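# Notes for the structure review
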Amino acid sequence: MLLVLVYLAALSPLAAAVNFGTTAELDFSDCPVAHYGQVYTTVYVNIISTTAAVCFKGPYPATADNDCVLMTGKTVVRGSNIIGQSVSDTGSSWHNSLQGLTGSSTCYANMAFFNGQNLYEFAIQFRQFGTQSALYIGVYTTGDLSVDVMVGGVSVDTYGVSSNIFKFSIACIKSGVYYGVNELVCNPDGSSVSCSAEGNLTFSPCGVLCPCPTCTVIGSTVVNFLNYVVSVPDRCAYTLLSESGVELLAVFRDRRRKDFSLLDKVILRLDGPGVNITLGPGLRLQVDDAPLSLGSLPLSLHGVDVSKNQTGVTATFLLSNYTTSVFFDGSTAQIHKTGSSNDTIPGLCYSSGGSSDEVLPEFSSSSCEEQFPEPADGTINCTTVTERCELLYEAPFTSCHNLTDPDSFIGACINTLCTYPAVDGLSHCQFLEAYVKACDFQTGDSLEGWRSEVGCSPPRASCQDVLCSDHEFCVEDVSGGTICACRAIFASEYRSTGALGEPTVCDGSSASVTLVGCLLEEKGIDYSELHLNNQSCRGQKDNVSHMVTFGFDVNNTCGMEVEHNNSQMIYKNSIMMSNSSDIITRHDIFNLDFSCFYQQPDIKTMSFRIKDSSVIQQIVSGPWNYTLTMKTFSDAGRTRAIEPSTELRLKQSVWVELKTDGLDDKLVAVVTDSCWATDLPLANSSLRYDLIVSGCSNTADQTVKVMGNGLGTSNYFSFNMFEFSGKSDVVYLHCKLNLCAKKGNTCAPSCGGKRRRRSARSQYEDGSSAFITMAWTN
């Protein structure tokens, strides 16, 4: 306190002190006051309760745009004003306290405020230093003084004073935002704004004054560079970043649940060389369709540096004016960039809204937006999940909070784990791990030892280089090894009936059954230990689909057994586990019977056969000259074509593919407008059953599914086999197709109110309809 009094005593007044009460209008023309870019010769003082207001455009508050210094917290009743002369130059208390203060001052304007006992409470002093200005506030009694600086009626600076303080009374202004002198503001994208002591703004890209942010893709959530959280609602491919011929994509797929997707792989698309570099499941590297071995040494691929360690794969590349690195550990992707950037870069990593505009159909399945509702998982305790996710609010993570907001990661953690079970390595620890890595990118602080504090284990890339098929994903099994588990949507048709594979295929003198490899692996069954009645007859595993096929025929009966009953002759075999001579076993007993039968001649089989394997028709329609083919298949993947010898049962699912050749899919799409069945060859027969109406499945027949309609130059649909009651044994299938010019149009029909990425009505080319017919008989 003595220092303050000595300082005030050292000032030389130009005139006698002017005493004032609770309201005053003071003349400062002998030493004008500069306040945030404006110079004033009149100052207004108002004392209201515990607030002393020093204003420059009029009494407080008078005008909404007033410039004031409000000092609150001391009860004062009067004041004294002194205009004085003294030189304050380099080395003064002002210059020592205010970094960047360079000018000199020759006069001051000082106001002291007194309480009811006529004792000093506090004082405020203004000085100009050339183009710079500053103020000083000193407090003489115990207790803090709260200061609020107003410019144009808006608070631009607040602080507390317990003893004394020197402050600049200038600022930088941009778009109505005030930046304090020597203040550094880091924007969400890592760029920075700083205000110099001369009032000049400086803008810098990320990595210069502020660390560059990280875009994290985890589960079905993107925590982007702007700290927005974007949730992915489906199983499509999305753009994360796109600029200068380089596009970074994320592909989401289902795993354990049909209604929830997780990050599956990351694709870097390079338009220049025209290649796609994929960081896929199992940390596998793929260039276009060719897998590439990645050892301990980094590779350079078309300007992209790729390296791999025990935790994941990193790809580094130049995107416009900044370097970008992508780290992918098989379940989480983190994108980090350094250098200047363009604020308008498209993609989810910069999105402030929804995700639908970033869907990439060419990297997505035609049904990727189809929703599959599932009941909630009753084993999940969301309260416990929330508590574990909110560990990010606590130490040791608090040291990262200034630069890495934990709320986004906590929200992603809760959203995922309250819906999807904490299995297959997915737990709150994965989200904590991603947060720490984001913090490390920004601050260089890896929070060493954090895992032991919260009970998390170091990450393990247990599925490195494990190759699963497209309908599978890699997980650890109960023994600590790895298996390829089935994706939920693919497996649902088997699990709903308890089946382990496809129905038995009976073809003349042979029989076969195909089991789903991932269903076997989930049950801990090694297909190589399975055999037919004859142990030499083993299953053949497809290296791509991992489907396992067992079969026998008249030349290799494999222990086939023949049984008879009144109406059937049954050829039977069994798939079983090899006998073990060990005294213990860790495998369940496995035995699966399958058989084929022949009906006696006097029994109607009720099976159908297609008259032709496919129907091919040359179409000339307006400007289009193309070939239209209708083919049928017995599997959803459309790999097993139905031949004239193939028997089809009532209720059996049939897939019909309508495919064209000779059309440019960039210009035109094929829309199946309608398909219907008749009991006569005529398409306009009076007895008619609709399968597809106006491009959509017949809502009255739940077995009809239409896929890919209007998306390209082919599409397909499925239905369960039927016959006309009391009519002939022949069913004729007719389809009407239209061509749709893609430019400016949405060709996919809107069915059942389903959300589409575009909403324009489909426009068909005039005269472009085509008709095609196929016949079935039993």
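What comes next is a walk through the structure. (Residues numbered from 1 in each chain as written. Predicted model: local features only at pLDDT ≥ 70, side-chain atom pairs only at ≥ 80, totals over all residues. Heavy atoms only, no water.)

## Description of the nonpolar core
The biggest cluster of nonpolar side chains holds 43 residues, and the ones touching the most others in it are Leu 240, Leu 241 and Ile 335. The contacts of Leu 241, once residues within four sequence positions are left out, are Phe 225, Val 246, Glu 247, Leu 248, Leu 319, Thr 324, Ile 335, Ile 345, Pro 346, Gly 347, Cys 349 and Tyr 350. Membership of the second largest hydrophobic core comes to 35 residues, among which are Phe 56, Leu 135, Val 147 and Tyr 159. (Core = buried A, V, L, I, M, F, W, Y, C linked by side-chain atoms within 4.5 Å. Buried < 20%, exposed > 50% of the residue type's maximum accessible area, 1.4 Å probe, protein only. Contact = heavy atoms within 4.5 Å.)

## Focus on the sheet that holds strand E40 (residues 540-541)
Spatially, four strands are ordered E37-E38-E41-E40 in an open sheet, and the strand pairing comes out antiparallel. Each edge of the open sheet is held by one strand with a lone partner, namely strand E37 (505-507) and E40. With two bridges connecting them, E40 and strand E41 (residues 547-553) associate as antiparallel partners. Within E41, the position partnered with Lys 541 by the bridge is Val 548. (Pairing = 2+ DSSP bridges. Helix = DSSP H or I, 4+ residues; strand = E, 2+ residues; numbered from the N terminus.)

## Some thoughts on the packing of helix H4 (residues 406-417) against helix H5 (residues 428-443)
The interhelical angle for the contact between H4 and H5, taken along N-to-C directions, is 160°, at an axis separation of 10 Å. One element, H4, and the other, H5, form an angle in the roughly antiparallel class. For the pair H4 and H5, the crossing hand works out as right-handed. Contacts from Pro 406, Phe 409, Ala 412, Cys 413, Thr 416 and Leu 417 in H4 reach His 428, Phe 431, Ala 434, Tyr 435 and Ala 438 in H5. A per-class count over the contact of H4 with H5 returns nine nonpolar, two polar and no charged. (Axes fitted to C-alpha atoms, helices over the stretch in contact; angles between N-to-C directions. Parallel < 35°, antiparallel > 145°, perpendicular 65-115°, else oblique. Left-handed = near helix turned anticlockwise from the far one by under 90°. Nonpolar A, V, L, I, M, F, W, Y, C, P; charged D, E, K, R; others polar.)

## Concerning H4
Each α-helix winds once per 3.6 residues, and so residues spaced three or four apart point in a common direction. The terminal C-alpha atoms of H4, which comprises 12 residues, lie 16 Å apart, in line with the 16 Å expected from a rise of 1.5 Å per residue. Turning to H4, its buried residues number three or more, namely Pro 406, Ser 408, Phe 409, Ile 410, Ala 412, Cys 413, Thr 416 and Leu 417. At the N-terminal end of H4, a side-chain oxygen is found 3.0 Å from the backbone nitrogen of Asp 407, two or three residues along, and the residue is Asp 405. (Expected span 1.5 Å × (residues − 1). Polar contact = N/O pair within 3.5 Å; in protein donor to acceptor, adjacent residues only side chain to side chain.)

Bear in mind that shape data such as this cannot, by itself, settle questions of function.
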